[in-house]
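Notes for the structure review
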Amino acid sequence: MQFMLLFSRQGKLRLQKWYVPLSDKEKKKITRELVQTVLARKPKMCSFLEWRDLKIVYKRYASLYFCCAIEDQDNELITLEIIHRYVELLDKYFGSVCELDIIFNFEKAYFILDEFLLGGEVQETSKKNVLKAIEQADLLQESQNEDWGATS
Amino acid sequence: MALKMVKGSIDRMFDKNLQDLVRGIRNHKEDEAKYISQCIDEIKQELKQDNIAVKANAVCKLTYLQMLGYDISWAAFNIIEVMSASKFTFKRIGYLAASQCFHEGTDVIMLTTNQIRKDLSSPNQYDTGVALTGLSCFVTPDLARDLANDIMTLMSHTKPYIRKKAVLIMYKVFLKYPESLRPAFPRLKEKLEDPDPGVQSAAVNVICELARRNPKNYLSLAPLFFKLMTSSTNNWVLIKIIKLFGALTPLEPRLGKKLIEPLTNLIHSTSAMSLLYECVNTVIAVLISLSSGMPNHSASIQLCVQKLRILIEDSDQNLKYLGLLAMSKILKTHPKSVQSHKDLILQCLDDKDESIRLRALDLLYGMVSKKNLMEIVKKLMIHVDKAEGTTYRDELLTKIIDICSQSNYQYITNFEWYISILVELTRLEGTRHGHLIAAQMLDVAIRVKAIRKFAVSQMAMLLDNAHLIASNTQRNGICEVLYAAAWICGEFSEHLEEANQTLEAMLRPKVTTLPGHIQAVYVQNMVKLYASILQQKEQAGEKEAAQEITQLMIERLPQFVQSADLEVQERASCILQLIKYIQKLQVKEVPVAEEVIALFAGELNPVAPKAQKKVPVPEGLDLDAWINEPPSDSESEDEKPKTIFHDEEQRHSKPRHPEMDEEELARRREARKQEQANNPFYIKSSPSPQKRYQDTPGVEHIPVVQIDLSVPLKVPGMPMSDQYVKLEEERRHKQKLEKDKKKKKQKKEKRGKHHRHNSLHTESEEDIAPAHHVDIITEEMPENALPSDEDDKDPNDPYKALDIDLDKPLADSEKLPVQRHRNAEALKMPESEVPPVEKKSKKPKKKEKKHKEKEKDKGKKKEKEKKVVEEEEEEKKEEDLDFWLSTAPPPGSAAQPQSGPQTSAAVASEPEGVKKEEREEQQEEEEEDEGKKSSKHKKKKHKKEKEEKSKDKKKSKKKHHHSEEEMAESVQNGTLDDEPLPPMSSYRLLAENPYIKTTYDIQGNLQNDSQVTVSVIFENKSTSFLKSMELNVLDSLNTKMLRPEGSSVHDGIPVPFQLPPGISNEAQFVFTLQSIVMAQKLKGTLSFIVKNDEGSTHEKLDFKLHFSCASYLITTPCYSDAFAKLLESGDLHMSSIKVDGISISFQHLLAKICFHHHFSVVERVDSCASMYSRSIQGHHVCLLVKKGENSVSIDGKCSDPTLLSNLLDEMKETLSKC
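Residues numbered from 1 in each chain as written. Chains lettered and ligands numbered in written order. Predicted model: local features only at pLDDT ≥ 70, side-chain atom pairs only at ≥ 80, totals over all residues. Heavy atoms only, no water.

As recorded in an unreviewed UniProt entry, chain A goes by AP complex subunit sigma and comes from Gallus gallus. Checking UniProt for chain A, the heading Function (unreviewed entry) contains the comment "Subunit of clathrin-associated adaptor protein complex 1 that plays a role in protein sorting in the late-Golgi/trans-Golgi network (TGN) and/or endosomes. The AP complexes mediate both the recruitment of clathrin to membranes and the recognition of sorting signals within the cytosolic tails of transmembrane cargo molecules." Database annotation for chain A, UniProt heading Subunit (unreviewed entry): "Adaptor protein complex 1 (AP-1) is a heterotetramer composed of two large adaptins (gamma-type subunit AP1G1 and beta-type subunit AP1B1), a medium adaptin (mu-type subunit AP1M1 or AP1M2) and a small adaptin (sigma-type subunit AP1S1 or AP1S2 or AP1S3). Binds to MUC1." (UniProt positions renumbered as here; feature names shortened; annotations may be inferred.)

Written as structure tokens, this is what we have:
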């Protein structure tokens, strides 16, 4: 996977993860272009489109579009599955997730994504394991916060 | 209470946390930019504070702003500060920010190396995890190089959580630092069999990604992956593996045969659409790469097409889309199978989803036949009319043209129809593809002679209606067709019926608004038209009409003379003068038409693309040499017949007028033709000469077209092409009736002498004869054209660097760089850094041996297969891809995954003949319990196990030998995976005293032909602390130590670390040298300070650094054919030595030469071996080593005699110690 973008129906970017090195300018350009293209598509259309030399796989969940760019030989259906997995993870973590959860806790959304994918490849296929890793890391964070609160 | 107070003050200290920021932005929708710039100012203040929590909060907010598109690169340093916070909470935020905004251009990124290294080795697995995740986003070549070794160590971490991350990130490291691939690959391969499924899947992911880019290097892993595929139940992993096989099979068709069965099984059994889709795709890829010799070949295709049909019929648009996509892949090789689903595909053309329609369009390409082309195109034309978006319409347009023009217009039976379609397409508004239509018009008009008359009439109509086409500036794209129209009307003006009218259309003032290049064509072609009208009028004796037309030209041309376009202006003014001259002659009543028309005599034939490129340069031809001496006069430039310009006219006109000196012209033309005829490299024009100039003797063979004049040129209210469809139907019907009457076959194939015509008039499989005889002139190609049509690959492909042979044994020089020059870390972990590398460089030794054997018995293998096989060969059978492939295991061979390797090996060891007979039997058995297997089988298994055992024994014995010879001083034998190994014996003693022991090794550098790297290990033997170590050598003229810029030759180089008691560490020093043919010795001194409780003393240690000739050699593998060629070349000097009293085995002897002298074995036969190596300066060194009773003789050949004799002397010394 080359990158993953989350954006709202209004075209506001909610999360971006790039697995290929690109300049900021290029990233912005791609984002703008893709958001436009995807938003312009009608609801009944299929979730794939060819874009430059990549394939775009996107899916809409409520008001959010999840959009991934994969390479020519990659499997579109498994990419949809990845998107779905990620949504499930967010859902489990936040408890019926909504766009606002992701806006206000965007760093958490990143942490979850990072436990699920690494370098654009699926790192952990077990939802349970991903959530466990996140929970433990959160636990570590909280305990440290308490320490810190107490000592300062 | 107090705690609460403190917390409250902290909260105030964070002026805003992330939530506040987000809320604030949402509340300031009107002046968002202003609000954010305020926030950024606040953040800048926060970043200046010392409190890391405040900083982290600021960085967190910045990360959010970065997503909104604000530049935060200015805070890169603060991000690093937060990354290096000791608390996980902050570290996490720091790494997140870094992964979002760092890239290769971030200059502070190099400051992170040590921090990342520290985090990687943190006892807390989440610290390590967060560092790995971050690194995967911003790894640079430098970071990759510096950290590759650390990450590789983590691949063997005790926690699977870290292992899987480390494995995945290795892929990014390989991309950035390709040199790391070979040293790291063995461990990566190990991870394919990691007990943790997550790690295993990560390793599969990485290797699959690598293999997809450069499949050939991974063929040898096929058996391992095959095993994984048949045993794994994880769909994620399966998909990757299956994809990998898709990449491998084109290189090894036998692999495909093996795959078909398990894949079809999966297709039948799986319920996961993604897996099904992947399987179908790979089966297609496999079948494409297989020649059609497969028995169940068509069955597999049928299965795929069937499954795809189900996908296409599904209501899920995604599946429909993918089904069509995969279908188009099958179409390329098995069009018949797809054609049977034409109904379904045509149906998809009406789908509401444009992307699905586009996919269906792709498929149409293969659906057409002579029979249905018109019908399909008609349907498409309707879509063109209905289409809303221009993109889709443009796509339709190109598809129509693609479909019609494919395989040289194979399916077009009526070109009049096609021309009408093209003309209809010109009515499209706002298309970008005007040039495409134009190109088609030109192509058809030029190549289909029979259609010219019709084409010209249609083009004349277009020119007449040019105002419609060019009226709207938006429709600019389409005005390209006027280019074609003008040219066709001009070039084939003899077919024009109303030439006057067309000429007038071309002279309209409106024309000057067209783009310059089209106007230029207009100007040029109106002269052609003019010439033909002139001739016509003159022949008819209508002198006045002829003069009138001249007058018209003279009146109208000036509008082009004023053109801003140079080309138009130049042509117009030239032609204007010419016509003025003609007018003068006309007034004198001199007949001019013949001469004017001679200006455009000759026929233009299409030339194939790349025709010029494909002419091979004949032997002995020097393209740079003068063919004749440089011309002294312009005579030889026959293209510019200067002499025919009339001198008289020169005075008052810039462009000169040609005087039609018929004789001279003819003479010249004749001479030129003669010249061309004698010149084999001239691309000959068609011999059919001037079209109307003479009475076309060469064109009788062109069939006279009976144009059905019942077709009106334009049917009001109805697109014209529809008429053809009807007519065609009628015609076909009639034809059929006629055919029934007289079954007479007609087949004509006409071949001009120089000029090939591919007659399309062959009986098609559908028995549809073309409407009229059509000649398609094939594009001209030089007679001896080369078939080569290689399109160069993209040199910028980032994956190209990873095209690395992984089966080749590792050379000593291939190590991952171990951290050396960084002081800070050296103190902490001097020893633990080294082991993985040491281990790596040991492994390949084993491999090397195997490699040798592999090569040796490759040739013999086939005959030997049925004989009793030697143990040594048996050892590697399971790895031998050839062998694995030659015996297809029964599909159920992986039914018992736990006994995986043994089972497949057992099957693999069966002789070929038995295998076939047993196969069916086995298939049944496999499903049953293992215990119920036939006794025959059992016996085999037993035997195999026995072999396995003895093999193991042998293996361990070998390992033992290795440790003896390769690690002379080492005690451990290196079989334990995670235990550190002491340095290898390639390190020689440099100097030693009671405080310190130094050993060194010298290695050449492939990238630089005049540098070697000396690695020195310093070992503190004392109980004191050693510091301020400095190494200095006395440079010789030839060999110099590379010192930092600005330092003098007498300065020493500080050793970049200090040594606590009992610790050793390694430093590298680079030396430059000019000549490498002789060994060198440099004197040097190591100075250091010894510090203990009693105080510190300054100590010195003198040494002699010996650069042996072998240290200039780099182990380079060489294939036997290249080796033989090298020996044959005769450029090499020869020398030999003989050493007596050798007691060690030949095997060990070779290993010794390989190891100490950096050679590789090219070929080994019994007690004779050829070896090869290469110096850093490119000298080839070839050896022939023969072992006698207890002596060894070595014959060497090398491009430099001195180097050779020195090398042999060194070898003699090594061997005499044996």
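Moving on from the coordinates now.
1. Quick look at the overall build of chain B
A tally of regular secondary structure across chain B gives 46 helices and 17 strands. Residues classed as buried in chain B amount to 52% of the 1218 residues present. Here the contacts in chain B between residues at least 6 apart in sequence split such that 69% fall between residues at least 24 apart. Summed over all atoms, the accessible surface of chain B reaches about 58100 Å², with 51% contributed by carbon and sulfur. (Helix = DSSP H or I, 4+ residues; strand = E, 2+ residues; numbered from the N terminus. Buried < 20%, exposed > 50% of the residue type's maximum accessible area, 1.4 Å probe, protein only. Contact = heavy atoms within 4.5 Å. Areas by Shrake-Rupley, 256 points an atom, 1.4 Å probe, with all protein chains shown as cover.)

2. Regarding empty space enclosed by the protein
Applying the stated criterion to the full structure yields 15 cavities of 30 Å³ or more. Here the largest cavity is characterised by a volume of approximately 160 Å³. What lines the largest cavity is a set of 17 residues, among which Phe111, Asp114 and Glu115 of chain A together with Val130 and Thr133 of chain B lie closest to the centre. Elements that contribute at least two residues to the lining of the largest cavity include exactly helix H4 (106-116) and helix H5 (127-151) of chain A together with helix H6 (88-101) and helix H8 (125-138) of chain B. Residue classes in the lining of the largest cavity are distributed as nine nonpolar, four polar and four charged. (1 Å grid on protein atoms, 1.4 Å probe; cavity = no way out; pocket = protein on both sides within 12 Å on 5 of 7 lines; lining within 4 Å. Points joined across faces, edges and corners; volume = space filled by probe spheres on them. Nonpolar A, V, L, I, M, F, W, Y, C, P; charged D, E, K, R; others polar.)

3. As for the confidence of the model for chain B
Per-residue confidence for chain B averages 75 on the pLDDT scale, and 72% of its residues sit at or above 70. Throughout residues 821-850 of chain B the model reports pLDDT below 50, and contacts reaching past four residues in sequence, or to other chains, amount to 73 contacts. (pLDDT = per-residue confidence, 0-100.)

4. What about a nonpolar patch on the surface?
Residues and elements named next belong to chain B. A contiguous nonpolar surface patch, about 340 Å² in accessible area, is contributed by Phe77, Met110 and Leu111. Its location among the elements puts Leu111 in the loop between H6 and helix H7 (113-120). Residue classification places Leu111 among the partly exposed residues on the basis of a relative accessible area of 46%. (Patch = residues over 30% accessible without salt bridge, like charges linked within 9 Å, V, L, I, M, F, W, Y side chains within 5 Å. Salt bridge = Lys/Arg side-chain N within 4 Å of Asp/Glu carboxyl O.)

5. Details of the sheet that holds strand S4 (residues 996-1004) of chain B
All names here are of chain B. What the five strands build is an open sheet, ordered S3-S4-S5-S9-S7; its pairing is antiparallel. On the outer flanks of this sheet lie strand S3 (988-992) and strand S7 (1039-1041), each paired with one strand and no other. Across the sheet, the mean angle separating the axes of adjacent strands is 30 degrees when strand polarity is ignored. In the sheet, S4 pairs with strand S5 (residues 1011-1020) via nine bridges, with the strands oriented antiparallel. Considered in S5, the bridge of Gln1003 is made with Thr1013. (Pairing = 2+ DSSP bridges. Axes fitted to C-alpha atoms, helices over the stretch in contact; angles between N-to-C directions.)

6. Comments concerning the sheet that holds strand S4 (residues 54-61) of chain A
Residue and element names in this part refer to chain A. Sheet architecture is open: five strands sit in the order S2-S1-S5-S4-S3, paired in antiparallel fashion. This sheet does not close on itself; its edge strands, each paired only once, are strand S2 (13-18) and strand S3 (48-51). Recorded for the sheet is a direction-independent mean angle of 20 degrees between the axes of neighbouring strands. Pairing geometry for S4 and strand S5 (residues 64-70), over seven bridges, is antiparallel. The partner of Val57 across the bridge, within S5, is Cys68. In the packing of helix H2 (residues 76-94) onto the sheet, the strands contacted are strand S1 (3-8), S2, S3, S4 and S5, and the crossing angle to S4 comes to about 35 degrees.

7. Describing unusual backbone geometry
Residue and element names in this part refer to chain A. Backbone geometry places Arg52, a non-glycine residue, at a positive phi of 50 degrees. Positive phi outside glycine occurs at Ala62, with the angle close to 50 degrees. Here Ala62 shows up in the loop between S4 and S5. You can call Ala62 exposed: its relative accessible area is 68%.

8. Regarding a positive patch on the surface
A grouping of Lys25, Lys28, Lys29 and Arg32 of chain A is seen on the molecular surface, where their side chains present a positively charged patch. Note on Arg32 of chain A: relative accessible area 54%, which makes it exposed. (Lys, Arg positive; Asp, Glu negative; His and termini not counted. Charge placed at Lys NZ, Arg CZ, Asp CG, Glu CD.)

9. What about the interface of chain A and chain B?
With 60 residues of chain A in contact, the opposing surface of chain B contributes 62 residues. Here chain A packs against chain B, burying approximately 5900 Å² in sum over the two surfaces, 57% of which is carbon and sulfur. Inspection of the chain A/chain B interface yields seven salt bridges. Applying the counting criterion to the chain A and chain B interface returns 24 residue pairs in polar contact (both at pLDDT 80 or more). The set of elements that each furnish at least two residues to the side of chain A that touches chain B consists of S2, helix H1 (24-40), S3, H2, helix H3 (99-104), H4, strand S7 (121-122) and H5 of chain A. With twelve residues, the single largest contributor to the side of chain A that touches chain B is H5 of chain A. (Buried area = accessible area lost by both parts, 1.4 Å probe. Polar contact = N/O pair within 3.5 Å; in protein donor to acceptor, adjacent residues only side chain to side chain.)

10. Quick look at the environment of Ile83 of chain A
Residue and element names in this part refer to chain A. Among the secondary structure elements, Ile83 is positioned in helix H2. Here Ile83 falls in the buried class, since its relative accessible area comes to 0%. Distance from Ile83 to Tyr58, taken between C-alpha atoms, is 8.1 Å for residues 25 residues apart in sequence. Filtering out sequence-adjacent residues up to four positions away, Ile83 remains in contact with Met4, Val57, Tyr58, Lys59, Tyr61, Phe66 and Cys68.

11. A look at the pattern of salt bridges
Residues and elements named next belong to chain B. Across all of its chains, the model carries 45 salt bridges over all chains by this definition. Across the salt bridge formed by Asp362 and Lys399, the nearest N and O atoms sit 2.8 Å from each other. Pair noted here: Asp362 is in helix H21 (residues 354-367) and Lys399 is in helix H23 (residues 390-409), with a separation of 37 residues, a long-range link. Exposure remark for Asp362: the relative accessible area of 22% places this residue in the partly exposed category. For Lys399, a relative accessible area of 10% gives the class buried.

12. Observations regarding the side chain of Ser1015 of chain B
Residue and element names in this part refer to chain B. For Ser1015, the location among the structural elements is in strand S5. For Ser1015, the side chain forms a polar contact with the side chain of Glu1066, separated by 3.5 Å. Looking at Ser1015, its side chain comes within polar contact range of the side chain of Gln1068, at 3.3 Å. Contact partners of Ser1015, with chain neighbours within four places excluded, come to Tyr987, Thr999, Tyr1000, Asp1001, Glu1066, Ala1067 and Gln1068.

13. Quick word on the packing of helix H3 (residues 32-48) of chain B against helix H4 (residues 52-67) of chain B
All names here are of chain B. Look at H3 against H4: their axes get within 9 Å of each other, and the N-to-C directions meet at 150 degrees. Comparing the axis directions of H3 and H4 gives the class roughly antiparallel. For H3 against H4, the interelement crossing comes out left-handed. Contacts between H3 and H4 involve Ile36, Ile40, Ile43, Glu46 and Leu47 on the former and, on the latter, Val54, Lys55, Asn57, Ala58, Val59, Lys61, Leu62 and Leu65. Residues belonging to the contact of H3 with H4 are distributed by class as follows: nine nonpolar, one polar and three charged. (Parallel < 35°, antiparallel > 145°, perpendicular 65-115°, else oblique. Left-handed = near helix turned anticlockwise from the far one by under 90°.)

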